[in-house]
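Analysis of the macromolecular model
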Amino acid sequence: WEIAAKSIKLLTTSITEDVNIDVFFHMWKEITEREQNDINKPIVHHANTELITRKFNPTNYIWDCKDELDSDIEKAWEYITSFDYKIPNYINTKEKLKNVTKYSNESPCMSQLISMCKAQNIRLEHERENNIQYDVIIRTRTDIELTTTKHKLLSLVQKEKLLRYVQFPKISLRQC
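Please read all numbers here as calculations on a predicted model, not as lab measurements.

Details of unusual backbone geometry
- The phi dihedral of asparagine 57 falls on the positive side, at around 50 degrees, and the residue is not glycine.
- Counting through the fold element by element, asparagine 57 comes out in the loop between α2 (49-56) and β4 (60-64).
- Of note in the backbone geometry, asparagine 131 takes a positive phi value of approximately 50 degrees without being a glycine.
- Mapped onto the secondary structure, asparagine 131 falls in the loop between α5 (110-130) and α6 (150-158).

Some remarks on the pairing of strand β1 (residues 24-28)
- Of all the five residues making up β1, five are buried; the element is thus mostly covered by neighbouring parts of the structure.
- Where β1 and β4 come together, five bridges link them in parallel fashion. Pairing of histidine 26 across the sheet is with isoleucine 62, part of β4.

Digging into helix α3 (residues 70-81)
- Between the first and last C-alpha of α3 there are 16 Å, a value that for 12 residues agrees with the 16 Å anticipated at 1.5 Å per step.
- Listed in full, the buried residues belonging to α3 are Ile73, Ala76, Trp77 and Ile80. All buried residues of α3 fall inside an arc of 105 degrees around its axis, so they share one side. Exposed side of α3, more than 90 degrees from the buried face: Lys75 and Tyr79 are the residues found there.
- Here the buried face of α3 lies against α4 (94-103) and α5.

Reading guide: rules and limits
Residues numbered from 1 in each chain as written. Predicted model: local features only at pLDDT ≥ 70, side-chain atom pairs only at ≥ 80, totals over all residues. Heavy atoms only, no water. Helix = DSSP H or I, 4+ residues; strand = E, 2+ residues; numbered from the N terminus. Buried < 20%, exposed > 50% of the residue type's maximum accessible area, 1.4 Å probe, protein only. Pairing = 2+ DSSP bridges. Expected span 1.5 Å × (residues − 1). Arc of directions from axis to C-beta. Contact = heavy atoms within 4.5 Å.

Written out as structure tokens, the structure reads:
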């Protein structure tokens, strides 16, 4: 999270004139580590929500406990088991699906998708309440560094085919 918070702060301080940057996030209060070979033995830490919120300085945000996922996992299990096909071993019981969803980023990555949707919902709510519409929306993760300039953001807004583009001008991955 420190990488993303630092890059967002740098972005907001370097791009101030004619550009407003609002931050919306949804994050889980639990941070999960796990034994490499045993998904059933997660090591759960609690996020420092006050520090992280202060560092991101969001317009709006949600912190949820991963127990919030239980009803979605229940629905997903009912849906998965409604089909007549073999369920992969790593999610072939409701408990395994629950563990994979809550304590892993492996497929299915439902917790990430749900988190992404919750963040977008609070952004949409903010747009409705304030009668605004954002020109550019950047969806990122806490382990991603954003690097751009005011010029690049403004050039995105001016593109005629903006709605058709998803751009990754530079992407690099690092293994932790």
